[in-house]
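# Remarks on the overall topology
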Amino acid sequence: MRKFLLPEGEIPRKWLNIAPLLPEPLEPPLDPETKEPVSPEKLLVIFPEPLVMQEVSDQEWIDIPEEVLDILSLWRPTPLHRAKNLEEFLGTPAKIFYKNESVSPPGSHKPNTAVAQAYYNKISGVKRLTTETGAGQWGSALSFATQFFGIECRVYMVRVSYNQKPYRRVLMETWKGEVIPSPSPYTNAGKQFYEKDPEHPGSLGIAISEAIEEAATRDDTKYSLGSVLNHVLLHQTVIGLEAKRQMEEAGFYPDVVIGAVGGGSNFAGLSFPFLADKLRGDKPNLKVLAVEPQACPTLTKGEYRYDFGDTVGLTPLIKMYTLGHDFVPPPIHAGGLRYHGDAPLVCKLYDLGYIDAVAYKQTEVFEAAVTFARTEGIIPAPESSHAIKAAIDEAIRCKETGEEKVILFNLSGHGYFDLSAYDKYLRGELEDS
Ligand SMILES: *Cc1c(COP(=O)(O)O)cnc(C)c1O
């Protein structure tokens, strides 16, 4: 019998903060008016104190609270698979491994941070959380997480998705989330658009503005973000810490670590514990590869400069690779990768040359997704399929050179709510923009 699953083991008890390992410090977020660094106090209007402390922490290891571990243990540790069927199909001497974050109840890596954020808000006396969601992955993760801690969750969901993707909304409502199509009549930000057109399709930028406005104007309410920020990337390092131990126990260390990048959280979650070795000088040849869509090529085509994190310009200025905060990416099916910027930590490491990046077209990504589904069985999320495409390309190069590289990628989520995109691909109707 062939062994596809590697040893399980325990959930890590600490998160890894990569900030103190950087060769030079991150540039701080700036106040857009004064161009001075934003004080942590300002962030306290929308985030609870423990998360603000983590955002600026220079401590390398941070304890995971017992209450968070209890919930994470509903699905963690997640399996590490050896993709032997895919290896055989490709005829490659490379060994391909993937960390399977699709086994969480909401179906992606996102609850790793949603649970931690819900917990820290709870112990800070917060009663309600607001957030935005596009296709619904983040909104469903936060709805799932908040119910465990008795916190109300209000999700502003971009109206086109609200109308077109009812099943993610049903997930959120089943987990007690309140889902409001955005733009809504309940906030000043939403009203401007709603009053002109009650069927306005909305955008992620408007939904963010609505969620932040509500958190900033209510004492019992804070705001929650699912990617980009330092504390979000921190919470995701459970992925890489588990993977590192699981690979070690099986006698492997990766030559290449790969993740899809939207805001950078699942990529950082898998890669930072390995990158820490490279930053310490232990693994100088480790290749860490960020994969993005050609339709939203932030690292491969963007500029490294200060820009707003949102479309409207409510957030501090953040130093990152950006396509410009007013960039509107084409409506590709990997909705989670349509962000104009990237996490400052990921951008810094890319700028310093510790990370490589590659961009792919939607059709070649779906071709890789279907190859994966037909060999390994799991139907991957369109976002995760970017990582699969890059892993396949690495493995094919190994076939040409005869190298027996060890490739590790993150399967950030499953694609069972994305079947209409698969339907289009299978009918030959999917196009590149
Ligand atoms: C949200 C999402 C992403 C992109 O977000 P990151 O913060 O870059 O990880 C990738 N894959 C899946 C399945 C997602 O839900």
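Residues numbered from 1 in each chain as written. Predicted model: local features only at pLDDT ≥ 70, side-chain atom pairs only at ≥ 80, totals over all residues. Heavy atoms only, no water.

### Some remarks on the UniProt feature "modified residue: N6-(pyridoxal phosphate)lysine" (unreviewed entry) in the protein
What counts is decided by this rule: UniProt positions are given in the numbering used here, feature names are shortened, and annotations may be inferred rather than shown by experiment. Secondary structure elements are taken from DSSP: a helix is a run of H or I of four residues or more, a strand is a run of E of two residues or more, and numbering for both begins at the N terminus. Burial classes follow relative accessibility: with a 1.4 Å probe on protein chains only, a residue under 20% of its type's maximum area counts as buried, one over 50% as exposed, and anything between as partly exposed. Any pair of residues with heavy atoms lying within 4.5 Å of one another is described as a contacting pair.
UniProt marks Lys-110 with the feature "modified residue: N6-(pyridoxal phosphate)lysine" (unreviewed entry), using the numbering shown here. By the secondary structure assignment, Lys-110 is in the loop between β4 (95-100) and α5 (111-123). Taking relative accessible area as the criterion, Lys-110 reaches 14% and is therefore assigned buried. Each residue touching Lys-110, except ones within four places of it in the same chain, is listed here: Gln-137, Trp-138, Ala-141 and Gln-236.

### Considerations on the sheet that holds strand β10 (residues 287-293)
As a general point, the strands of a sheet are linked pairwise by backbone hydrogen bonds and lie either parallel or antiparallel. Just so we agree on the cut-off: Two strands form a pair only when DSSP identifies at least two bridges running between them. Axis definition: a line fit to C-alpha positions, over the contact stretch in the case of helices; interaxial angles, taken between N-to-C directions, run 0 to 180 degrees.
Sheet architecture is open: six strands sit in the order β3-β4-β14-β9-β10-β13, paired in mixed fashion. The open sheet has two edge strands with one neighbour each: β3 (80-82) and β13 (356-360). On average, each strand axis in the sheet is inclined to that of its neighbour by 25°, with strand direction left out of account. One ladder, built from five bridges, connects β10 with β13; its direction is parallel. Bridge pairing in β13 links Leu-289 to Asp-356. Those strands touched by helix α12 (residues 265-279) are β4, β9 (256-260), β10 and β14 (406-411), and its axis lies near 160° from that of β9.

### Here's the deal with the packing of helix α11 (residues 230-249) against α12
Going by this rule: For classification purposes, angles smaller than 35 degrees are called roughly parallel, those larger than 145 roughly antiparallel, those between 65 and 115 roughly perpendicular, and all remaining angles oblique. We call a crossing left-handed when the near helix sits turned anticlockwise from the far one by less than a right angle, and right-handed when that turn is clockwise. Each residue gets one label: Ala, Val, Leu, Ile, Met, Phe, Trp, Tyr, Cys and Pro are nonpolar, Asp, Glu, Lys and Arg are charged, and the others, such as Gly, are polar.
Their axes nearest at 6 Å, the elements α11 and α12 cross at an angle of 60°. What the angle tells us is that α11 and α12 run oblique. Crossing of α11 over α12 shows right-handed handedness. Judged by residue contacts, Val-232, Leu-233, Gln-236, Thr-237, Ile-239, Gly-240, Leu-241, Ala-243 and Lys-244 of α11 engage Ser-265, Asn-266, Ala-268, Gly-269, Leu-270, Phe-272, Pro-273, Phe-274 and Asp-277 from α12. Split into classes, the residues belonging to the contact of α11 with α12 amount to 10 nonpolar, six polar and two charged.

### What about the site of the ligand?
The cut-off we apply is this: The nearness test applies per residue and asks whether one of its heavy atoms lies within 4 Å of the molecule or strand. What qualifies as a polar contact is a pair of N or O atoms within 3.5 Å, subject to a donor-acceptor requirement within protein and to the restriction that residues adjacent in sequence count only when both atoms come from side chains. Note on areas: these come from Shrake-Rupley sampling with a 1.4 Å probe, and a residue is covered only by the protein chains present in the view.
Around the ligand, the surrounding shell holds 18 residues, and the nearest of these are Lys-110, Ser-227, Gly-262, Ser-265 and Asn-266. For the ligand, an oxygen atom lies 2.7 Å from a polar atom in the backbone of Gly-262. One of the side-chain nitrogen or oxygen atoms of Ser-265 is found 2.7 Å away from an oxygen atom of the ligand. Considered on its own, the ligand offers 380 Å² of accessible surface; in the complex 97% of this is hidden by protein.

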